[in-house]
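One-letter residues, chain by chain:
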Amino acid sequence: MFMYSVYRGCNFEKSYYSSHLCRQVVTFSLYVTSTVARDHSVGGSYLGCEPMGLFWGLQPAPGAREGLRLRKKNVETPFVVVMSLLEGHVSPSEGQSTELAAVATERWYMAPGVRRIEIRQNGLVGTLFLPTGPGPFPAMLDLWGMGGGLVEYRSALFASRGYASLSLAYIGHKELPGPQNRLNVDDSYFNSAFHLLQNHDQVCGDRVGIIGLSFGVFLTLRIATQTSLKPSCLICINGPIGSTISPRKTGDTTGLFGSGDKYWTYDDQGHVSFRDMSLPANLSPETKVKLEHLSCPLMYILGEDDLSSSSIETADVIEETLRAAGKSQLLTRLSYPGAGHLIEPPYTPNARASLWTVKPKKQITLWGGHLAPHAAAQEHAWKKILDFMESNLRR
């Protein structure tokens, strides 16, 4: 049995994916009757018995535009995935075979009754998700990386699990102060977002955590250690403890990477890695967070094949600093061999590299991660994240 898992023509900038835009092709012999939860694949996108392999194994179809990354833009609609049985053993690179049968499945990010509320007040740009029921609810402030925009699917999933969640845009969004390739908000912006969540009548004000990925890790740690805010817990995924840039001061604007481009490295295809830029030794000293001031539980999640951030070295510094401060008990460290930078909710297809920018020139950035171990990391880490939130936000 051979399982091939590809998507065709999926534009990651689209907000809607129909069955013809997100098509998953499964091929195996006519005489095989298969149950993916029981029977093993011996070739194709993955090997072995992987009940969700058809989803996490999704990769761009041969000939697709370079740099595609499959992400959900509109969480109010599902991914519609068509699984087809094709005649004979074929590979994605061969011509289309006769389709013998097909079934469509929907993957939703919002549970019934979850409320999605656009936030546009006091200069904030975000989306608040509230669970079904009367509340009040424990909550999370959700910060993504320097890819920018407003990323909602993790917050939607948190709300589906009973947590209010505010996904916050802070760079690369048309409704934020321009230009879009600059970080034009300061610490007060993040403080306002935390207070908005904390003071909401549907939120338990003393049970608010923060989650950050990539540059969002720096912001998460900065909020918790260098402001008066007191989050209940922090979850940090593959990100640094400082930066070559920092949230701006009044009247100042800072480029997307500041002077950090001197640390960029390239593979033989010209794809860029930002890993060295985030090495603790290369960070601007004035931006490094005061880890010794940490006063709440911290979960740091890292992929050992991260090609975008020096996550192992960062976790080592966090661990050593907290040990020296007598606060080792605050840290939970999760490390995943073979996982890359983009440790997202379970069954999200990993992109080892994807399009970063098209101006002033097209740039593909490296994320790292190998399909099967990265998928296993996402599934395990998600369970640990929910357990961590349960322990620290539902006391």
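Read on for an overview of the structure. (Residues numbered from 1 in each chain as written. Predicted model: local features only at pLDDT ≥ 70, side-chain atom pairs only at ≥ 80, totals over all residues. Heavy atoms only, no water.)

**Brief notes about the overall build of the protein chain**
- Helix and strand counts for the protein chain come out as six helices and 21 strands.
- Taking all 395 residues of the protein chain together, 54% fall into the buried category.
- Across the protein chain, every contact between residues at least 6 apart in sequence was considered, and the portion connecting residues at least 24 apart equals 72%.
- Here the protein chain displays about 16500 Å² of accessible surface, and carbon together with sulfur accounts for 51% of that area. (Helix = DSSP H or I, 4+ residues; strand = E, 2+ residues; numbered from the N terminus. Buried < 20%, exposed > 50% of the residue type's maximum accessible area, 1.4 Å probe, protein only. Contact = heavy atoms within 4.5 Å. Areas by Shrake-Rupley, 256 points an atom, 1.4 Å probe, with all protein chains shown as cover.)

**A look at empty space enclosed by the protein**
- Inspection of the entire model under this criterion finds five cavities of 30 Å³ or more.
- By volume, the largest cavity is sized at about 110 Å³.
- Considering the residues around the largest cavity, the lining is formed by 14 residues, among which L70, F79, R107, Y109 and P349 are closest to the centre.
- Per-class residue counts for the lining of the largest cavity are 10 nonpolar, one polar and three charged. (1 Å grid on protein atoms, 1.4 Å probe; cavity = no way out; pocket = protein on both sides within 12 Å on 5 of 7 lines; lining within 4 Å. Points joined across faces, edges and corners; volume = space filled by probe spheres on them. Nonpolar A, V, L, I, M, F, W, Y, C, P; charged D, E, K, R; others polar.)

**Quick notes on helix α2 (residues 153-160)**
- Most of α2 sits out of view: seven of its eight residues are buried.
- Turning to α2, its buried residues are Y153, R154, S155, A156, L157, F158 and A159.
- On its buried side, α2 packs onto β9 (124-130), β10 (137-143), β11 (164-168), β13 (203-213), β14 (234-237) and α6 (371-393).

**Focus on the layout of surface pockets**
- Quantified by volume, the second largest pocket comes out at close to 290 Å³.
- Elements that contribute at least two residues to the lining of the second largest pocket include exactly β5 (59-60) and β21 (363-366).
- Class assignment of the residues belonging to the lining of the second largest pocket gives a composition of 11 nonpolar, seven polar and five charged.

**A short note on the pairing of β9**
- Counting buried positions along β9 gives seven out of seven residues, so the element sits mostly inside the fold.
- A two-sided burial pattern is seen for β9, the buried positions comprising L124, G126, L128 and L130 on one face and V125, T127 and F129 on the other.
- As paired strands, strand β8 (residues 115-121) and β9 are joined by seven bridges and run antiparallel to one another. Paired with R115 across the two strands is L130, which belongs to β9.
- Once β8 ends, the chain turns through two residues before running back antiparallel as β9, passing N122 with a positive phi of about 55°.
- Sheet topology note: the β9/β11 ladder contains four bridges and is antiparallel. Of the residues in β11, the one forming a bridge with G126 is L168. (Pairing = 2+ DSSP bridges.)

**Section: the nonpolar core**
- Ranked by size, the top nonpolar core spans 52 residues in total, and within it L141, Y170, Y189, F190, L221 and I318 carry the most contacts.
- Core analysis: the second largest hydrophobic core is formed by 46 residues, F129, F158, A339 and W367 among them. (Core = buried A, V, L, I, M, F, W, Y, C linked by side-chain atoms within 4.5 Å.)

**Some thoughts on the sheet that holds strand β19 (residues 331-336)**
- Here eight strands make up an open sheet; going across it, the order is β8-β9-β11-β10-β13-β14-β18-β19 and the pairing mixed. Pairing within the sheet leaves two strands with one partner each, and these edge strands are β8 and β19. Direction aside, the axes of adjacent strands within the sheet are offset by 20° on average.
- With respect to the sheet, helix α3 (residues 187-198) is in contact with β8, β9, β10, β11 and β13, its orientation differing from that of β13 by roughly 140°.
- Lying over the sheet, helix α5 (residues 311-324) contacts β18 (298-303) and β19, oriented at roughly 155° with respect to β18. (Axes fitted to C-alpha atoms, helices over the stretch in contact; angles between N-to-C directions.)

**Some points on the environment of R333**
- Structurally, the position occupied by R333 is in strand β19.
- Judged by relative accessible area, which is 30%, R333 ranks as partly exposed.
- Along the backbone, R333 and M299 are 34 residues apart, and their C-alpha atoms lie at a distance of 5.9 Å.
- Dropping the residues within four chain positions of it, R333 is found in contact with Y300, L302, I312, A315, D316 and E319.
- Here D316 takes part through its side chain, which lies 2.9 Å from a polar atom of the side chain of R333.
- Of note is the side chain of R333, whose polar atom sits 2.7 Å from the side chain of E319. (Polar contact = N/O pair within 3.5 Å; in protein donor to acceptor, adjacent residues only side chain to side chain.)

**Focus: the pairing of strand β6 (residues 79-86)**
- The element β6 is largely enclosed, with a buried count of seven among its eight residues.
- When β6 meets strand β7 (residues 99-107), the two strands line up antiparallel, connected through eight bridges. Opposite V80, over in β7, you have E106 as the bridge partner.

**Side note on the side chain of D142**
- Among the secondary structure elements, D142 is positioned in strand β10.
- Classification of D142 by relative accessible area gives buried; the value is 0%.
- Side-chain polar atoms of D142 contact the side chain of R154, separated by 2.5 Å.
- Each residue touching D142, except ones within four places of it in the same chain, is listed here: R154, S155, S165, L166, S167, L168 and I211.

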